[in-house]
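Descriptive structure summary
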Amino acid sequence: MSIKEVLFLIIGLQTLVSSLLLLFYKSKKIHVNRYLGLFFASLCIELLSLFVFRYYDHPSLYYIPFRFNFLTLTFLFFYAIETTGIHLKSKFYYYVPAIIEFVTLLLLFILVLFNPEVHQSIEESVFQLTYRVLTSIYMVVFSILIIRVNLKHQKLLPIHFSNTKFKSLHWLTILCIGCICLHVFRHLYHTFSLRSEIISVAYCSIALFSLYYATISSLIQINIDNVIPSQKEAIEGKEHLEKIIENVALHLKENKSYLNPEINLKKFAKEVNLTERSISRAINRIENKNFNNYINHYRVEEFKRLLATDQYKKYSISAIADEVGFSSRASFYKNFKEIVGISPSDFVKKSKN
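Here we summarise the structure given alongside this text.

Thresholds, definitions, all that
- Residues numbered from 1 in each chain as written.
- Predicted model: local features only at pLDDT ≥ 70, side-chain atom pairs only at ≥ 80, totals over all residues.
- Heavy atoms only, no water.
- Helix = DSSP H or I, 4+ residues; strand = E, 2+ residues; numbered from the N terminus.
- Rg over C-alpha atoms; globule rule 2.2 N^0.38 Å.
- Buried < 20%, exposed > 50% of the residue type's maximum accessible area, 1.4 Å probe, protein only.
- Contact = heavy atoms within 4.5 Å.
- Areas by Shrake-Rupley, 256 points an atom, 1.4 Å probe, with all protein chains shown as cover.
- Core = buried A, V, L, I, M, F, W, Y, C linked by side-chain atoms within 4.5 Å.
- Phe/Tyr/Trp six-rings, centres within 6.5 Å; stacked < 30°, edge-to-face > 60°.
- Arc of directions from axis to C-beta.
- Polar contact = N/O pair within 3.5 Å; in protein donor to acceptor, adjacent residues only side chain to side chain.
- Salt bridge = Lys/Arg side-chain N within 4 Å of Asp/Glu carboxyl O.

Topic: the overall build of the protein chain
Secondary structure summary: the protein chain contains 15 helices and zero strands in total. For 353 residues, the compact-globule estimate of 2.2 N^0.38 gives 20 Å, and the protein chain exceeds it by more than 25% at 30 Å. Along the three orthogonal principal directions, the C-alpha set of the protein chain runs to about 105 × 40 × 30 Å. The buried share among the 353 residues of the protein chain stands at 43%. Contacts spanning at least 24 positions in sequence make up 71% of the contacts within the protein chain whose residues lie at least 6 apart. About 20200 Å² of surface is accessible on the protein chain, with carbon and sulfur atoms providing 62% of the total.

Shown next, in the form of structure tokens:
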């Protein structure tokens with residue numbers, strides 16, 4: 001077995017394992033991951049057809065219909081679209097090029113299978129060149145479309161998630177850029193007849209590395225919530241988050257949980273009987289704060305309220321800060337100035353005046 005065949009075998013096994021994981025792993029976003037699974041599955045079938053072509057000598061195999069040159073990036077495009085929360089009226093039209101490709105190759109496959117001499121006539125025509133050019137145009141256009149969708153996803157991430165680590169689709173953008181480069185190289189390879197075993201192995205090695213990178217990156221994100229809600233879901237979701245904020249605010253007003261210096265998101269979630277994620281998301285989306293900032297706003301307001309009462313007029317600033325739940329003097333001064341805009345001591349002076 002040659003080096004090239006070994007590389008093809010590695011790529012084939014890699015795509016098979018990836019497709020099975022992405023299609024059947026019960027993730028929270030399985031409806032999105034299925035497009036990645038179909039992308040790897042289509043590549044796996046393509047590679048299998050190449051092995052058939054290498055070990056069976058018949059002209060009809062030049063037209064084996066399981067190439068999916070007009071389908072693989074369509075699945076990646078749908079993955080990017082679904083992840084970014086963009087609504088498409090109909091996905092059928094995006095499958096039309098793949099349907100035309102499959103039907104055309106199937107007819108040619110059957111024709112050459114029963115009449116091998118036809119292959120010579122097709123080879124002498126412009127069919128192969130036309131097919132290669134159209135394939136590359138499709139790949140480049142869809143790669144650009146995917147990159148544009150990824151940029152939109154990147155802009156929306158901070159709006160919907162407080163922590164964006166490992167959530168971006170940069171890996172998909174890099175894969176698309178690699179795809180464009182490989183197709184440019186492919187055209188140069190055929191145009192200038194750069195037929196060499198070294199070049200061929202280098203091309204396969206780059207393809208293997210690109211797929212390996214895509215596999216690792218997609219599997220890292222298999223269960224990471226990075227799906228942007230659609231416009232309809234966002235409206236419904238905002239109403240739901242506003243109700244959560246109302247419940248949280250009411251609980252804080254009645255129970256004054258913020259006075260506890262050891263309060264954190266986990267403890268507070270148990271108090272209000274809500275999930276940590278829903279509270280964090282509600283505070284982030286509606287109040288544009290994280291949980292700690294939100295709690296500190298309540299503490300600062302409580303400080304200002306106590307300062308105005310006769311009972312606390314003789315208390316020092318640090319003593320009142322302890323009363324309202326700040327764990328340290330440094331934390332109090334830092335948060336107070338960020339929220340109010342002036343230092344606590346300046347605020348006290350102004351209040352007295």
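With respect to the environment of Pro-158
Mapping Pro-158 onto the fold places it in helix α6 (residues 127-160). A C-alpha to C-alpha distance of 9.7 Å links Pro-158 and Arg-285, two positions 127 residues apart in sequence. Each residue touching Pro-158, except ones within four places of it in the same chain, is listed here: Thr-164 and Asn-284.

Remarks on the environment of Ala-282
Here Ala-282 lies in helix α11 (residues 276-287). Exposure remark for Ala-282: the relative accessible area of 0% places this residue in the buried category. Considering only alpha carbons, one finds Ala-282 and Arg-54, 228 residues apart in sequence, at a separation of 57 Å. Excluding residues that lie within four positions of it along the chain, Ala-282 makes contacts with Leu-241, Ile-244, Ile-245 and Glu-287.

Observations regarding unusual backbone geometry
In terms of backbone geometry, most residues other than glycine have negative phi values and most peptide bonds are trans. We note that Lys-256 has phi near 50°; this positive angle belongs to a residue other than glycine. Inspection of the secondary structure puts Lys-256 in the loop between α9 (231-255) and α10 (265-272). For Asn-288, which is not glycine, the phi torsion reads 55° and is therefore positive. As for its position among the elements, Asn-288 is in the loop between α11 and α12 (291-307).

Some details on the nonpolar core
If you look at the biggest cluster of nonpolar residues, it comprises 54 residues, and the most contacted ones within it are Leu-73, Leu-76, Phe-77, Tyr-79, Ile-146 and Leu-172. Elements with a contribution of two residues or more to this core: α1 (3-24), α2 (30-55), α3 (72-84), α4 (92-114), α5 (118-124), α6, α7 (170-191) and α8 (197-220). When near neighbours in sequence (up to four residues on either side) are disregarded, Phe-77 contacts Leu-88, Tyr-94, Phe-142, Leu-145, Ile-146 and Val-149. Counting 17 residues, the second largest nonpolar core, distinct from the first, contains Phe-268, Ile-279, Ile-283 and Ile-295.

As for the packing of aromatic side chains
Scanning the entire structure with this criterion turns up 28 aromatic pairs. On the numbers, 5.4 Å between centres and 65° between planes, the contact of Phe-78 with Tyr-95 is edge-to-face. Residue Phe-78 is found in helix α3, and its partner Tyr-95 is found in helix α4; the two are separated by 17 residues along the sequence. Assessed through its relative accessible area of 0%, Phe-78 is described here as buried. Residue classification places Tyr-95 among the partly exposed positions, given a relative accessible area of 24%. Seen in terms of ring centroids, Phe-303 and Phe-336 are 5.5 Å apart; in terms of plane orientation they differ by 75°. Their pairing is edge-to-face.

Concerning α10
Among the residues of α10, those classed as buried are Leu-265, Phe-268, Ala-269 and Val-272. Each buried residue of α10 lies within a common arc of 105° when the element is viewed along its axis, so the set occupies one face. Turned more than 90 degrees from where α10 packs its buried face, Lys-266 and Lys-270 sit exposed. One side-chain oxygen of the residue at the start of α10 lies 3.2 Å from the amide nitrogen of Lys-266, identifying that residue as Asn-264. Asn-273 lies just past α10 and shows a positive phi near 60°.

Considerations on the pattern of salt bridges
Inspection of the entire model under this criterion finds eight salt bridges. The residue Glu-82 makes a salt bridge to Lys-91 at a minimum N-O spacing of 2.6 Å. Note on Lys-91: relative accessible area 23%, which makes it partly exposed. A network of salt bridges, in which partner residues are shared, links Lys-256, Glu-302 and Arg-305.

Some words on the environment of Glu-246
Residue placement: Glu-246 occurs in helix α9. Remark: the alpha-carbon pair of Glu-246 and Ala-282, spanning 36 residues in sequence, is separated by 9.9 Å.

Concerning the side chain of Arg-299
Among the structural elements, Arg-299 can be located in helix α12. One polar contact links the side chain of Arg-299 to the main-chain carbonyl oxygen of Asn-260, over a distance of 3.1 Å. With sequence-adjacent residues up to four places away left out, Arg-299 is seen in contact with Tyr-258, Asn-260, Pro-261, Ile-263, Val-324, Gly-325 and Phe-326.

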